[in-house]
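What follows is the residue order along each chain.
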Amino acid sequence: MIHQSSALADEDLPKYGPIDLRDQNAVFLVLEELGVAHLQRDYVVNKDPSHSDVPALQAQADEFFEDLTAILAGEAKTDRIIQNGWAGAALVAHLRRALADELAAVWHRFGGEGEVDRISDSTVVALALRIYLEMLSKLSADVEARTARGEKPSPKIYIDLMAGWSALVCGAADRLQVPAECRVD
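Residues numbered from 1 in each chain as written. Predicted model: local features only at pLDDT ≥ 70, side-chain atom pairs only at ≥ 80, totals over all residues. Heavy atoms only, no water.

Asks: Explain the overall build of the protein chain to me, using residue names and the numbers behind them.
Replies: Scanning the protein chain from N- to C-terminus turns up 7 helices and 0 strands. Written out in order from the N terminus, the α and β elements of the protein chain read α-α-α-α-α-α-α. A compact globule built from 185 residues would reach a C-alpha radius of gyration of about 16 Å, and the protein chain, at 17 Å, matches this within 12%. Projecting the C-alpha coordinates of the protein chain onto the three principal axes gives extents of approximately 45 × 35 × 35 Å. (Helix = DSSP H or I, 4+ residues; strand = E, 2+ residues; numbered from the N terminus. Rg over C-alpha atoms; globule rule 2.2 N^0.38 Å.)

Laid out in structure tokens, this is it:
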């Protein structure tokens, strides 16, 4: 059975401490945790949808997503993050500017109506995380296909994707800079 404890869970805070959302390394790690849960679930679902761990993997991926959405949107307990004014409104305003086109595209693709600047902060964060996960899934599928063809893909593209997203989320970058191969339509 899959262990369902999240690195972001309240009971783990004494071990991991509060998250500094201005620290690109910390943001890299929490995005990576989210990505691992997402890809792990997708891999098992795609290879063996009736596997007994599918419900636990789904719950874990959902928990990570909801938890990180709440943290970034400023809705988590104040002791979950370093209080530096970045979680919530400041971070969301940054995402709205930096990902304006991407947010609008994914908002409308998921059936959202109206302007993106009118949606809630938590919805903006959730959409941004969906974009990140779509890019990560695209990269994973590409790596799997290339490996099946006998190629040995470089890890650089993964590092560049993660560096781009973590720089954006921590506020070190004003726009998302990721490899073109990772972008989704």
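Asks: Please give an account of the pattern of salt bridges that cites residues and values.
Replies: Counted according to the given criterion, the structure contains 10 salt bridges. Asp67 is the salt-bridge partner of Arg80, the closest N and O atoms lying 2.9 Å from each other. Taken as a pair, Arg80 in the loop between helix 3 (54-72) and helix 4 (89-98) and Asp67 in helix 3 lie far apart in primary sequence, 13 residues in all. For Arg80, a relative accessible area of 5% gives the class buried. Measuring nitrogen to oxygen at the nearest pair gives 2.6 Å for the salt bridge that ties Asp160 to Lys156. (Salt bridge = Lys/Arg side-chain N within 4 Å of Asp/Glu carboxyl O. Buried < 20%, exposed > 50% of the residue type's maximum accessible area, 1.4 Å probe, protein only.)

Asks: Tell me what's going on with the layout of surface pockets, and back it up with residues and numbers.
Replies: By volume, the largest pocket is sized at about 300 Å³. The wall of the largest pocket is formed by 13 residues, among which Leu39, Ser137, Ser140, Ala141 and Glu144 lie closest to the centre. Among the secondary structure elements, those contributing two or more residues to the lining of the largest pocket are helix 2 (24-47) and helix 6 (121-148). With 7 residues, the top contributor of residues to the lining of the largest pocket is helix 6. Of the residues in the lining of the largest pocket, the class split is 7 nonpolar, 3 polar and 3 charged. (1 Å grid on protein atoms, 1.4 Å probe; cavity = no way out; pocket = protein on both sides within 12 Å on 5 of 7 lines; lining within 4 Å. Points joined across faces, edges and corners; volume = space filled by probe spheres on them. Nonpolar A, V, L, I, M, F, W, Y, C, P; charged D, E, K, R; others polar.)

Asks: Please provide a residue-by-residue account of the packing of helix 6 against helix 7 (residues 156-170), values included.
Replies: Packed helix pairs are characterised by how far apart their axes lie and by the angle those axes make with each other. At a closest axis distance of 11 Å, the pairing of helix 6 and helix 7 adopts a crossing angle of 175°. Our classification of the angle between helix 6 and helix 7 gives roughly antiparallel. Taken together, the residues of helix 7 that come into contact with helix 6 (itself represented by Ala128, Ile131, Tyr132, Met135, Leu136 and Leu139) are Ile157, Tyr158, Leu161, Met162 and Trp165. Here the contact of helix 6 with helix 7 is built from residues that sort into 11 nonpolar, no polar and no charged. (Axes fitted to C-alpha atoms, helices over the stretch in contact; angles between N-to-C directions. Parallel < 35°, antiparallel > 145°, perpendicular 65-115°, else oblique. Contact = heavy atoms within 4.5 Å.)

Asks: I'd like to hear about the state of the cysteines, residue by residue, with values.
Replies: Summed over the entire model, instances satisfying the criterion amount to 0 disulfides. Considering cysteine sulfurs only, Cys182 is the nearest to Cys170, which forms no disulfide, with 18 Å between them. Overall, the relative accessible area of 3% leaves Cys170 in the buried class. (Disulfide = S-S within 2.5 Å.)

Asks: Could you give an account of helix 3, naming the residues involved and the relevant values?
Replies: With 19 residues, helix 3 should cover 27 Å at 1.5 Å per step; its first-to-last C-alpha distance of 27 Å lies within 8% of that length. Immediately beyond the C-terminal end of helix 3, within one or two residues, lies Gly74, with a positive phi of roughly 80°. (Expected span 1.5 Å × (residues − 1).)

Asks: Can you lay out the nonpolar core for me, pointing to particular residues and giving the numbers?
Replies: In this structure, Leu31 and Trp165 are the most contacted members of the largest nonpolar core, which totals 50 residues. Elements with a minimum of two residues in this core: helix 2, helix 3, helix 4, helix 5 (100-109), helix 6 and helix 7. Leu31 has contacts with Leu68, Leu129, Tyr132, Met162, Trp165, Ser166 and Val169, leaving out every residue within four places of it along the chain. (Core = buried A, V, L, I, M, F, W, Y, C linked by side-chain atoms within 4.5 Å.)

Asks: Now, about the packing of aromatic side chains: what can you tell me, with residues and values included?
Replies: What describes a pair of aromatic rings is the distance from one ring centre to the other and the angle between the planes of the rings. Under the defined criterion, the tally for this structure stands at 1 aromatic pair. Each ring, one from Tyr132 and one from Trp165, has its centre 5.7 Å from the other, and the planes form 65°; the classification is edge-to-face. Of this pair, Tyr132 sits in helix 6 while Trp165 sits in helix 7, and the two are 33 residues apart along the sequence. Tyr132 sits in the buried class, given a relative accessible area of 0%. Residue Trp165 is classed as buried on the basis of its relative accessible area, which comes to 1%. When the ring centre of Phe110 is taken as origin, the NZ or CZ atom of Arg109, which lies over that ring, is 5.5 Å away. A cation sits over an aromatic face here: Arg130 above Phe65, 3.9 Å from the ring centre. (Phe/Tyr/Trp six-rings, centres within 6.5 Å; stacked < 30°, edge-to-face > 60°. Lys NZ or Arg CZ within 6 Å of the ring centre and 35° of its normal.)

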